[in-house]
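For reference, the chains in residue letters:
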Amino acid sequence: MYRYDQLDRTFVAERVRQFRDQVARRLDGRLTEDEFKPLRLQNGLYLQLHAYMLRVAIPYGVLSSRQLRALAAIARTYDKGYGHYTTRQNIQFNWIRLDQAADVLAALAEVEMHAIQTSGNCVRNVTTDHLAGIAPDEIADPRPYCELLRQWSTLHPEFSFLPRKFKIAVTGAEADRAAIAVHDIGLRLVLDAAGAVGFEVLVGGGLGRTPILGSVIRRFLPASDLLGYVEAILRVYNRYGRRDNIYKARIKILVKALGAEAFGRAVEAEWQAMDRDGMAIDAGMLDRVATHFAPPAYAELADAAPERAQAMREPAFARWLARNVLPHRVPCYRAVMIALKGGGAVPGDATAETMERVADLAELFSFGEIRVTHTQNLVLGHVAAHDLAALWHALRVAGLANPVVGTVTDIIACPGLDYCALATARAIPIAQAIDAAFADVAELHDIGDLRINISGCINSCGHHHVGDIGILGVDKRGQEVYQLTLGGSSADEASLGTILGPSLPPDQVAGAVRRVVDVYMERREPGESFLALVRRLGVDAFKARVYGGLEAHAA
Amino acid sequence: MEHYVISANSLRSGAVVWLRVVGDAFGWTEAAATASVGDAAQRDAWLAIAEAEARQNRVVAPYAVDVVADGAGGFTHTSTRESVRAGGPTVGNALAR
Ligand code: SF4
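No experiment lies behind these values; they were computed from the predicted model shown. (Residues numbered from 1 in each chain as written. Chains lettered and ligands numbered in written order. Predicted model: local features only at pLDDT ≥ 70, side-chain atom pairs only at ≥ 80, totals over all residues. Heavy atoms only, no water.)

**Student:** Tell me about the overall build of chain B, residues and numbers included.
**Tutor:** Along the backbone of chain B there are 3 helices and 5 strands. Taken over C-alpha atoms, the radius of gyration comes to 13 Å for chain B, in line with the 13 Å a tight globule of 97 residues would show. Residues counted as buried form 47% of the 97 residues belonging to chain B. Counted over contacts in chain B with a minimum sequence separation of 6, partners at least 24 positions apart contribute 51%. Summed over all atoms, the accessible surface of chain B reaches about 4700 Å², with 51% contributed by carbon and sulfur. Considering chain B, the positive charge centre built from 8 side chains and the negative charge centre built from 10 side chains are found 11 Å apart. (Helix = DSSP H or I, 4+ residues; strand = E, 2+ residues; numbered from the N terminus. Rg over C-alpha atoms; globule rule 2.2 N^0.38 Å. Buried < 20%, exposed > 50% of the residue type's maximum accessible area, 1.4 Å probe, protein only. Contact = heavy atoms within 4.5 Å. Areas by Shrake-Rupley, 256 points an atom, 1.4 Å probe, with all protein chains shown as cover. Lys, Arg positive; Asp, Glu negative; His and termini not counted. Charge placed at Lys NZ, Arg CZ, Asp CG, Glu CD.)

**Student:** With reference to specific residues and values, describe the site of the ligand.
**Tutor:** In the neighbourhood of the ligand, the contacting residues comprise C414(A), P415(A), G416(A), C420(A), L422(A), A423(A), G456(A), C457(A), N459(A), S460(A) and C461(A). Residue classes in the shell around the ligand are distributed as 7 nonpolar, 4 polar and no charged. (Near = heavy atom within 4 Å. Nonpolar A, V, L, I, M, F, W, Y, C, P; charged D, E, K, R; others polar.)

**Student:** Can you break down the interface of chain A and chain B residue by residue, with the values?
**Tutor:** Interfaces are often sized by the accessible area lost when the parts come together. Of the residues lining the interface, 35 residues belong to chain A; the matching set on chain B comes to 24 residues. A salt bridge links D99(A) to R12(B), with the nearest nitrogen and oxygen atoms 3.5 Å apart. In this assembly, chain A and chain B are joined by 11 residue pairs in polar contact (both at pLDDT 80 or more). Elements represented by at least two residues in the side of chain A that touches chain B include exactly α1 (6–27), β5 (91–96), α4 (98–110), β13 (349–351), α15 (428–437) and β19 (479–486) of chain A. Considering each element in turn, the side of chain A that touches chain B owes the most residues, 3 residues, to α15(A). Its residues assigned to classes, the side of chain A that touches chain B shows 17 nonpolar, 7 polar and 11 charged. (Salt bridge = Lys/Arg side-chain N within 4 Å of Asp/Glu carboxyl O. Polar contact = N/O pair within 3.5 Å; in protein donor to acceptor, adjacent residues only side chain to side chain.)

**Student:** Please provide a residue-by-residue account of the sheet that holds strand β1 (residues 3–10) of chain B, values included.
**Tutor:** All names here are of chain B. An order of β3-β2-β1-β4-β5 is seen for the 5 strands of this open sheet, with the pairing classed as antiparallel. Each end of this open sheet is capped by a strand with a single partner; those strands are β3 (25–29) and β5 (75–77). Each strand axis lies, on average, 45 degrees off the axis of its neighbour in the sheet, ignoring direction. Bridging between strand β4 (residues 59–69) and β5 involves 3 bridges; their strand directions are antiparallel. Bridging from a neighbouring strand, A69 pairs with F75 of β5. Contacting β1, β2 (16–22), β3 and β4, helix α1 (residues 40–55) runs over the sheet at an angle of about 160 degrees to β4. (Pairing = 2+ DSSP bridges. Axes fitted to C-alpha atoms, helices over the stretch in contact; angles between N-to-C directions.)

**Student:** Can you break down the domain arrangement of chain A residue by residue, with the values?
**Tutor:** Residue and element names in this part refer to chain A. As assigned here, chain A comprises domain 1 (6–110), domain 2 (134–292), domain 3 (305–397) and domain 4 (412–554). The distance between the C-alpha centroids of domain 1 and domain 3 comes to 29 Å. Taken over both partners, the interface formed by domain 1 and domain 3 buries close to 1900 Å², and the fraction arising from carbon and sulfur atoms is 55%. When residues of domain 1 are sorted by the area they lose upon contact with domain 3, L68, R69 and Y85 head the list and together hold 31% of the total. At the junction of domain 1 with domain 3, the criterion picks out 4 salt bridges. For E363, the salt bridge is made with R69, and the minimal N-O distance between the two is 2.8 Å. Between domain 1 and domain 3 we count 16 residue pairs in polar contact (both at pLDDT 80 or more) in total. Breaking the side of domain 1 that touches domain 3 down by element, the ones donating at least two residues are β3 (62–64), α3 (65–78) and β4 (82–85). (Domains from an automatic or database assignment. Buried area = accessible area lost by both parts, 1.4 Å probe.)

**Student:** Break down the pattern of salt bridges for me, citing the residues and quoting the values.
**Tutor:** Under the criterion given, the structure shown has 41 salt bridges over all chains. Each of the salt bridges in this network shares a partner with another, and the network as a whole consists of R69(A), R357(A), D360(A) and E363(A).

**Student:** Account for the packing of α1(A) against helix α2 (residues 33–42) of chain A, with residues named and values stated.
**Tutor:** Residue and element names in this part refer to chain A. With their axes 10 Å apart at the nearest point, α1 and α2 run at an angle of 155 degrees to one another. Comparing their axes, α2 and α1 come out roughly antiparallel. The way α1 lies across α2 gives a crossing that is left-handed. Touching R15, F19, Q22, V23 and R26 of α1 are E33, F36, L39, R40 and Q42, all from α2. (Parallel < 35°, antiparallel > 145°, perpendicular 65-115°, else oblique. Left-handed = near helix turned anticlockwise from the far one by under 90°.)

**Student:** Talk me through the pairing of strand β2 (residues 52–56) of chain A; I want residue IDs and the actual numbers.
**Tutor:** Residue and element names in this part refer to chain A. Counting buried residues along β2, 5 of its 5 residues qualify, which places the element largely inside the surrounding structure. Both faces of β2 are covered, namely the face carrying Y52, L54 and V56 and the face carrying M53 and R55. As paired strands, strand β1 (residues 45–47) and β2 are joined by 3 bridges and run antiparallel to one another. Within β2, the position partnered with L45 by the bridge is L54. Between the end of β1 and the start of β2, which pair antiparallel, lie 4 residues. Pairing geometry for β2 and β5, over 4 bridges, is antiparallel. Across the sheet, Y52 pairs through a bridge with I96, a residue of β5.

**Student:** Before we move on, can you summarise the side chain of E480(A) with the specific residues and values?
**Tutor:** Within the fold, E480(A) resides in strand β19. Residue E480(A) is classed as buried on the basis of its relative accessible area, which comes to 8%. In this structure the side chain of E480(A) is engaged in a polar contact, spanning 2.8 Å, whose partner is the backbone nitrogen of R426(A). Residues within four places of E480(A) in sequence aside, it is in contact with L417(A), T424(A), A425(A), R426(A), V474(A), P505(A), P506(A) and T80(B).

Laid out in structure tokens, this is it:
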């Protein structure tokens, strides 16, 4: 993973010192709240529904065990003993005191972390495939490019006050696990006919109250031109993006207004006019960054699939293998997903104890590296197949072997009204109710892949538009109600969900999900995904069951 | 009749606090149940106190919350949002601690 050099270290330490001084001046009144608020937001510190919340960047979702331990220590010392992993591969602490916030930033700096650009109208944490460098279907490792983008965007003077926040996602694999179509810029590593590495460039995707899928503005951009081209996109956006209306300020609105083609032409013109050579990523630069992402020292292992024998004897192990263990590009290695879900868990929450246990296991079994997924789970990315049984036992003891990854109960949920000042309804209790309604693991496995995403307001941090089943919490005269959408997807052939029908009160949501799943189980063809069935039948087939069922219930 | 309580966050800790007024004296409490409940006239006077407190750097973002008074000095919230804000997260790790 990327290690700070002296420049990075000095810069981050300097920022901590500045913030400590700013907090002191706020507390003694030399700074007013209006003066201080932008400063605290620039350091990731929000005032939420109950308290200050600190959002910490986890660049492209990669953590060392040392960093994870530091996060655990922060949770224990400065918070109430837990943190929350978000859909942007970040972590949030919910209960940070202002008079201790600089101490937290100092503790983060010790392990080469910070909260810079986790808020505000700037380029946010660049996200990527949580299986980067691991997945067998990878064309090239996206992490060095993510790191170059991070360095380029950090405190970029021209892009510190964009019309609105700006999110970039990169995938290097054939299967899109980074949801690039719903980002301001989505980048997909591709090869041209000659085998050279480049990017397909999408712009103008996003969720929120105007969900739009990104449009391709370039089929192939040579990888060395990445920074210049992205800079050109940002320039066009910075110049023409709307600043008069916060709801129309994201790049997606500009791309829609101009049309993707015209927007693409404006970017090309900007790009042609700039010093492209000066912006080019030369081989030396890429190599220097890439050394930080060199593969760990994998052993040469002989046995092709040692886990199979044990799976024959242990059905629970077999279930875990089936859902939580993924193939690795290196023979005899596997990626192991740890679901922060199920059993009444708050999606994405992890206690200090859990983080420390995962750090231990990462050191024992996975070269001390941990990934955070945008689905709010953790990954141990490099586990030798012959260690799987031992790891499974250890995870089981820690309550972390829930074999539900990718199933109905592997729910994405934003903090919602339990924490978020912008929320219109709670999201977590809905996730827990669905979790309780689908407690039978055998049934979950029978249903198979099915993504449920829940947002507590139209800002859509819970990605409800792109869930197989999306759930949006809405405020109706002070009461919480929930709107269901079906048929969303953030993967390849991304699509936005279609609203199923009238909103439901909280106690009817899990039942409605149950009836939707019943329709899927009754009507699916062998191998047919939920998405394919919704596309084949249309939502009306589900609507009749959900709302018909409710009438029957009421009668 | 309409009733209100005044709420804000402590500048230093971030905690949700409530204005409690006794005669000419006032203070901030973290226990919602001990907040003072006032009518529309009191609301304006108390909000002025709260705003002065904000200028004194003790609290941030004060505002008046609509409530239903029970007639005995207590009250209930009218929206889920305000009751969650007063009671804390309704689920999960926050409850255990
Ligand atoms: S979707 Fe809304 S409620 Fe959920 S975290 Fe985002 S802003 Fe908050």
